[in-house]
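Reading the structure
This is what each chain is made of:
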Amino acid sequence: TMKWSLGDNVMAKWPGSALYFPAVVQKIDEKDGYAEVLFSDGTTMDVDLKFLKAEATFKRRTRSKSPARSRRRSRSPSRKQTRSTTRESLDRKSRRINTSSSSSDEKKFVATVNLEPKKANEEIKVKTTKTKSKVEITKTIIPDSRYMVTRKQVKEMYMSKAANVETKLKEEESPSAPVVNETNEFEYGGVLGVFFMYLTLPLLPLTFLAYKKQAKLSMIPRRLQDYYDPMSTLIVLQFLLFHALIYALPFGYVIKGPATPNGKKLDYRISAMYSLVFTFAAYGALYYYKFPITSIKLLPLATAATLASYIGVILVHLKSRNTPNDELNPHGNSGSVIYDSFLGRELHPRIGSLFDLKLYLYRPGMAAWLVLVMIEMQKQYEADDKFSPQILLLGVSQILYIILEFFWDEEQCPFMFDIKNEGLGFVQFFGELVIVPFIYSLPVRYAVEHPTALQTTQIAGLCLLLVVGFGLIVLSGRQKSMFRKNPFDPKLSYLESLPPSRPGGDRLLVSGFWGMVRHPNYLGEIVVGFAWSAACGVTHLLPWFYPIFVVGLLCHRALRDDVRCRQKHGLAWKIYCQRVKYRVIPYIF
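Residues numbered from 1 in each chain as written. Predicted model: local features only at pLDDT ≥ 70, side-chain atom pairs only at ≥ 80, totals over all residues. Heavy atoms only, no water.

**Considerations on the overall build of the chain**
Of the regular secondary structure elements, the chain holds 20 helices and 16 strands. Taking all 589 residues of the chain together, the buried fraction comes to 43%. Within the chain, counting contacts between residues at least 6 apart in sequence, those at least 24 apart form 70% of the total. In the structure as shown, the chain presents an accessible area of about 33,000 Å², 60% of it carried by carbon and sulfur atoms. (Helix = DSSP H or I, 4+ residues; strand = E, 2+ residues; numbered from the N terminus. Buried < 20%, exposed > 50% of the residue type's maximum accessible area, 1.4 Å probe, protein only. Contact = heavy atoms within 4.5 Å. Areas by Shrake-Rupley, 256 points an atom, 1.4 Å probe, with all protein chains shown as cover.)

**Observations concerning the packing of aromatic side chains**
Counted by the stated rule, this structure contains 31 aromatic pairs. Ring geometry for Y247 versus Y360: centroids 6.4 Å apart, planes at 15 degrees, classification stacked. Pair noted here: Y247 is in helix α8 (residues 230-248) and Y360 is in helix α12 (residues 357-384), with a separation of 113 residues, a long-range link. Y360 carries the same exposure label as Y247, and that label is buried. For the ring pair Y381 and F387, a centre distance of 5.0 Å and an interplane angle of 40 degrees mean the geometry is tilted. Pairwise contacts between aromatic rings join Y188, Y198, Y310, F342, F426 and F430 into one cluster. Its guanidinium or amino end placed over the ring of F51, K13 lies 4.2 Å from that ring's centre, counting from NZ or CZ. Just above the ring of Y268 sits the side chain of R350; from NZ or CZ to the centre is 4.7 Å. (Phe/Tyr/Trp six-rings, centres within 6.5 Å; stacked < 30°, edge-to-face > 60°. Lys NZ or Arg CZ within 6 Å of the ring centre and 35° of its normal.)

**As for the UniProt feature "transmembrane region" (unreviewed entry) in the chain**
The UniProt record marks residues 188-211, 231-250, 270-289, 298-318, 387-408, 428-447, 459-477 and 530-554 with the feature "transmembrane region" (unreviewed entry), using the residue numbering of this structure. Secondary structure content for residues 270-289 is 85% helix and 5% strand, and the end C-alpha separation is 31 Å. Annotated as 95% helix and 0% strand, the span residues 428-447 places its first and last C-alpha atoms 28 Å apart. (UniProt positions renumbered as here; feature names shortened; annotations may be inferred.)

**Quick look at helix α19 (residues 545-569)**
Taking 1.5 Å per residue as the helical rise, α19 with its 25 residues ought to reach 36 Å, and the 35 Å between its terminal C-alpha atoms agrees with that figure. One or two positions beyond α19, positive phi appears at G570, with a value near 65 degrees. (Expected span 1.5 Å × (residues − 1).)

**Observations concerning a nonpolar patch on the surface**
A cluster of nonpolar side chains, namely V191, F195, L199 and I338, defines an oily patch on the protein surface of about 330 Å² accessible area. For the nonpolar patch, the element with the highest residue contribution is helix α5 (residues 190-200), accounting for three residues. Relative to the assigned elements, V191 resides in helix α5. (Patch = residues over 30% accessible without salt bridge, like charges linked within 9 Å, V, L, I, M, F, W, Y side chains within 5 Å. Salt bridge = Lys/Arg side-chain N within 4 Å of Asp/Glu carboxyl O.)

**Here's the deal with helix α18 (residues 520-534)**
Given a rise of 1.5 Å per residue, 15 residues ought to cover 21 Å, and the 21 Å separating the end C-alpha atoms of α18 matches this to within 8%. With 12 of 15 residues buried, α18 is to be regarded as a mostly interior element. Residues P520, Y522, L523, G524, E525, I526, V527, V528, G529, A531, W532 and S533 constitute the buried set of α18. Where α18 is buried, its residues meet α12, α13 (389-407), α14 (417-421), α16 (442-449), α17 (456-485) and α19.

**What to know about the sheet that holds strand β4 (residues 44-48)**
The strand order β4-β3-β2-β1-β5 describes an open sheet built from five strands, whose pairing is antiparallel. Taken across any chain shown, the strands that pair with only one partner, and hence form the sheet edges, are β4 and β5 (52-54). Ignoring strand direction, the axes of neighbouring strands in this sheet form an average angle of 50 degrees. (Pairing = 2+ DSSP bridges. Axes fitted to C-alpha atoms, helices over the stretch in contact; angles between N-to-C directions.)

**Notes on the nonpolar core**
Formed by 90 residues in total, the largest nonpolar core has its most connected members in W369, F407, F438 and W532. With 15 residues, the single largest contributor to this core is α12. Per-domain counts for this core show at least three residues from each of domain 2 (188-451) and domain 3 (458-588). (Core = buried A, V, L, I, M, F, W, Y, C linked by side-chain atoms within 4.5 Å. Domains from an automatic or database assignment.)

**Notes on the pairing of strand β12 (residues 265-270)**
Direction of pairing for strand β11 (residues 253-259) relative to β12: antiparallel, over a ladder of five bridges. By the bridge assignment, V254 is partnered in β12 with R269. Turn length for the β11-β12 hairpin, with the two strands adjacent in sequence and antiparallel, is five residues, and the turn residue G263 shows positive phi of about 90 degrees.

**Quick word on the environment of V580**
Tracing the sequence through the fold places V580 in the segment after α20 (571-579). Sequence separation between V580 and M516 is 64 residues, and the spatial gap between their C-alpha atoms is 6.7 Å. The residues touching V580, leaving out its near neighbours within four places in the chain, are V510, W514, G515, M516, V517 and R518.

**What to know about unusual backbone geometry**
Although it is not a glycine, D385 sits at a positive phi angle of roughly 65 degrees. Looking at where D385 falls in the secondary structure, it is placed in the loop between α12 and α13. A relative accessible area of 61% places D385 in the exposed class. Even without a glycine there, the phi angle at Y587 is positive, about 65 degrees. Tracing the backbone shows Y587 in the segment after α20.

**Topic: the pairing of strand β3 (residues 34-39)**
Strand residues, when the strand is regular, have side chains that alternate between the two faces of the sheet. Pairing analysis gives six bridges linking strand β2 (residues 20-29) to β3, with the strands arranged antiparallel. The residue bridging I28 from the neighbouring strand is A35, located in β3. Between the antiparallel neighbours β2 and β3 lie four residues, among them G33 with a positive phi of about 80 degrees.

See the structure below:
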């Protein structure tokens, strides 16, 4: 194997193809057997060392045009007849394509691609002739298994989403063909598992809200009015409309989100801080005018939110019937209404150009969690005429978490896993409208009903855990955000990254917080959840449901994220996983 040095001019094989292009060696990793090369079009990629060749091996051979050789060939009548026959055969198969020249200084470029050598045994040569007014491309078919194309055609071919030319042509010929789950890999136990969760998931928050620490089974409410009342339904409806109105108003600013599967970048309105301000103002007005907000019954409120989730799923699924195929969720388009509505059939359902339904759902969900925490704190203050250290620790930290995680950092939400990769279905509707407000506020509600005296050392230890957890969430998110905006920012020069191994890919951050585990923000959320439950003591399992639920949710999401990243980044993700072995929890998972 030839030894290469930094700065060597080589011919490097384009990953995923049979093409070799001029490139310059930038880095060499002999241990893994890869080199980072810079292609002539400015793309940087990792290439296996065995796919680097010297430029001399690709120099074109020129035929001799000496008169002697010409005369020698002309003396053979039989050879002349054979070559003439072959030329006539090729002329019958050849065709000419005349196209306008896009640039007067466009360079000639010839490359070679293998296209199904088992099925086709022909070679197509593309010869570019530059004139003043047009570029003439002549394709001549002769027996071989290689395809000659121009640099512009190669770039268009490999920057597209199609894996090969035939697949791309089929998609162009039948644009109305539905996008289906090609892998046949069903999550959540398939259709039966999803149907079971449709029936049982709503019982989870209702059970926790109806349960009391010393309650017996016979004391669980059994009357319909205990679970439903018109006032709770009206409150939920007004709350949803309140945040929909704020989101629809021209507040804040608009950003470009990540590229969708069809290559588009959607616009997102960022104005969550206005929702936060109006929520605080509305709560303050209710408190000032002595509205009995602490007397609101949570059980019928959760029932109304659950009904709103089911209604939202039905409406969004019906809307997806008129959605173009390139905007459907490939993992939620199996043909089963139950399964597809659970995962979400449409990736980015919208009303108009800026009202994104997935981003909107975050607002009432996070705001409802905020309001429930403030209600519980107000209950404790009215009962004891002061805030206990336990309630201050839990309430203030949860409010701070809500603000930092969403309202202050909404700009990062379009790049999150669920908004970027998931469809809008029951998972998100029920999660945002029911799980987030009623399950995530469980530690605070438990502490109000069952107060625990915390020692100074315990408070200090819990504060330390919260600082660590918040630090992981906020700082890792900021580090990733800066890197995503500009991987070559001088402020990030101390960080290491991997170049993309596939056309159109992104560089991967492999150091800093993202060199500890693959999802340091998930680890931060688990640490924070553990601190909240620890503040409630260990005498009962109920307040510990939150961290248990979050661990299961985030670990499952990390597994799914690995699959998507492996498909998107290819070799670069494999190298990253070899370097950063743990997904969420160091030395455990």
